[in-house]
Amino acid sequence: MQKVIKVGMADLKIVSEPDVLTTLGLGSCVGIALYDKVTKIAGLAHIMLPDSSQIKNNQNLAKFADTAINLLVSEMIQKGAGPGRLTAKISGGSQMFSFGSNGSDLMKIGYRNVVATKEILSKLRIPILSEDTGGNYGRTIEFYSENGNLLVKTIGHGVKII
Amino acid sequence: MTFSLEDLNNEHIDVLREVGNIGAGNAATALAKMVQKKIDMDVPIVQILSFEDVAAILGGEEMVVSGIYFQVEGDINGNIMFVLDIASSKVLTGMLMGRDDYSGDLDDMDYSALQEIGNILSGSYISSLNMLTGLKLKLSVPSLCVDMAGAILSVPAIQFSQTGDKVVLIETILKDGNSLVKGNFFLIPDEPSFIILLKSLGVLR
């Protein structure tokens, strides 16, 4: 039986074949989907902020790009994924509201989340196979452990598999 | 001093509810003038929610909602977000346009009407805050987004997430006869402003 496991905001989960990971209504947050195609172990993190070291209240490791990716990788390896085989797909990081040029830094948080995610993945030598990021609309994603496909659904901006 | 939402006690919540009450009262009056109808309201509900529960109260992360977002500047800094479910958005714009039937899809005129409604409602909240606290506050122009609740709510959630894992929500229900308009109002002061706000309301020393 295929199960669909929901990943909430500031949360991460790991499944193996044939289960599916999903996160609903990604806005400025970023969904980071890691996959080992040999063991078919799939992990998904839903991060809210780029950097844990900039925030005092940083106990929730799944909230930040840096700590969430490190935690996800180590938990996937614990479950049997090969460290050298992990690949990534990322989605989200949009800017839902705009205030012209005088928008605060917080308005660009989606962009900053994507940049931080890419930096950390590159540091860990995890290649990004595909991404669907940016824009000004929300996304629901489904990550399939059987083949590593990431389905991206939107309202008014189509559905795609990346 | 540091203060997080987890430190809010019943007295603080009562005061925030009173802010919501007076704000919603002003908003209902302003709206009634605009649509030239009698608008009733219920006593607002103040809730401190975790991120996971925020979208649930709006009907789930994928439910389409309207979010109207403002920046607040002055003695306190932060943001205000006003969220309406799509049915409430249609009721409000329908009232404003004088329609008999509230079931049609939203068009560009409706979007700009929603921005204007958000402007009036948030302006009412801000002026009630100003009356209660004496703080000087200025609102930016509104920015509107109609999309999945989860995506829209990620914006205030991210702002709250800098200081904790909870969100303060003031839910207001406005009524015109049988048409219910459920508005959710997020007050998102930055961390120092939250302390200034509670101090000026007399509940924090």
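Our subject is the structure listed above.
Cut-off values and rules
Residues numbered from 1 in each chain as written. Chains lettered and ligands numbered in written order. Predicted model: local features only at pLDDT ≥ 70, side-chain atom pairs only at ≥ 80, totals over all residues. Heavy atoms only, no water. Helix = DSSP H or I, 4+ residues; strand = E, 2+ residues; numbered from the N terminus. Buried < 20%, exposed > 50% of the residue type's maximum accessible area, 1.4 Å probe, protein only. Polar contact = N/O pair within 3.5 Å; in protein donor to acceptor, adjacent residues only side chain to side chain. Contact = heavy atoms within 4.5 Å. Pairing = 2+ DSSP bridges. Axes fitted to C-alpha atoms, helices over the stretch in contact; angles between N-to-C directions. Expected span 1.5 Å × (residues − 1). Disulfide = S-S within 2.5 Å. Buried area = accessible area lost by both parts, 1.4 Å probe. Salt bridge = Lys/Arg side-chain N within 4 Å of Asp/Glu carboxyl O. Nonpolar A, V, L, I, M, F, W, Y, C, P; charged D, E, K, R; others polar.

Colleague: With reference to specific residues and values, describe the side chain of threonine 154 of chain A.
Modeller: You can see threonine 154 of chain A is positioned in the loop between strand 9 (150-153) and strand 10 (159-161). What makes threonine 154 of chain A buried here is its relative accessible area of 15%. Looking at threonine 154 of chain A, its side chain comes within polar contact range of the main-chain nitrogen of histidine 157 of chain A, at 3.0 Å. For threonine 154 of chain A, the side chain forms a polar contact with the main-chain oxygen of glycine 158 of chain A, separated by 2.7 Å. Beyond its immediate stretch of four places on either side in the chain, threonine 154 of chain A contacts Tyr137, Gly138 and Arg139 of chain A together with Met148 of chain B.

Colleague: Tell me about the sheet that holds strand 10 of chain A, residues and numbers included.
Modeller: All names here are of chain A. If you trace the five strands from one edge of the open sheet to the other, you get 1-3-8-9-10, paired in mixed fashion. Where the open sheet ends on each side, the last strands, each with one partner, are strand 1 (4-6) and strand 10. Taking each pair of neighbouring strands and ignoring which way they run, the sheet shows an average axis angle of 20°. Here strand 3 (residues 20-26) runs beside strand 8 (residues 139-144); their pairing, made up of five bridges, is antiparallel. Looking at strand 8, one finds that leucine 21 is bridged to phenylalanine 143.

Colleague: I'd love a proper account of the pairing of strand 4 (residues 78-85) of chain B, names of residues and values included.
Modeller: All names here are of chain B. Across the eight residues that make up strand 4, a large majority, seven, are buried. With eight bridges connecting them, strand 3 (residues 64-74) and strand 4 associate as antiparallel partners. Note that in strand 4 the partner of valine 72 across the bridge is glycine 78. Where strand 3 folds back on strand 4, the antiparallel hairpin that results is connected by three residues. Sheet analysis places strand 4 next to strand 8 (residues 179-189), joined by seven bridges and oriented antiparallel. Counterpart to phenylalanine 82 in the pairing with strand 8 is phenylalanine 185.

Colleague: Kindly report on helix 4 (residues 108-133) of chain B, identifying the contributing residues and their values.
Modeller: Across its 26 residues, helix 4 of chain B extends 37 Å between first and last C-alpha, which sits within 8% of the 38 Å expected from 1.5 Å per residue. Between the side-chain oxygen of the N-cap and the backbone nitrogen of methionine 109 of chain B there are 3.0 Å, and the N-cap of helix 4 of chain B in question is aspartate 107 of chain B.

Colleague: Kindly report on the state of the cysteines, identifying the contributing residues and their values.
Modeller: For the coordinates displayed, the defined rule picks out zero disulfides over all chains. Cysteine 29 of chain A forms no disulfide, and the closest cysteine sulfur to it belongs to cysteine 145 of chain B, at a distance of 14 Å.

Colleague: Outline the sheet that holds strand 5 (residues 41-47) of chain A, listing residues and values.
Modeller: All names here are of chain A. Strand order in the open sheet formed by five strands is 2-5-4-6-7, and the pairing between neighbours is mixed. Edge positions in the sheet fall to strand 2 (11-16) and strand 7 (128-133), since each of these pairs with one other strand and no more. The average angle at which neighbouring strand axes cross in this sheet is 10°, direction not considered. Where helix 1 (residues 65-78) meets the sheet, its contacts fall on strand 2, strand 4 (30-36) and strand 5, and the angle it forms with strand 5 comes to roughly 165°.

Colleague: Explain the interface of chain B and chain A residue by residue, including any values.
Modeller: Listed per partner, the contact involves 33 residues of chain B and 32 residues of chain A. Together chain B and chain A conceal approximately 2500 Å² of surface at their shared face, both sides included; 65% is due to carbon and sulfur atoms. It is Met148, Ile158 and Gln162 of chain B that lose the most area in chain B upon contact with chain A, and together they represent 22% of the buried surface on that side. Between the two partners, chain B and chain A, sit one salt bridge. Lysine 6 of chain A is the salt-bridge partner of glutamate 61 of chain B, the closest N and O atoms lying 3.0 Å from each other. Where chain B touches chain A, the interface holds six residue pairs in polar contact (both at pLDDT 80 or more). Where the side of chain B that touches chain A is concerned, the elements lending two or more residues are helix 2 (51-57), strand 3, strand 6 (143-148) and helix 5 (149-161) of chain B. The element best represented in the side of chain B that touches chain A is helix 5 of chain B, accounting for nine residues. Tallied by class, residues from the side of chain B that touches chain A come to 15 nonpolar, 12 polar and six charged.

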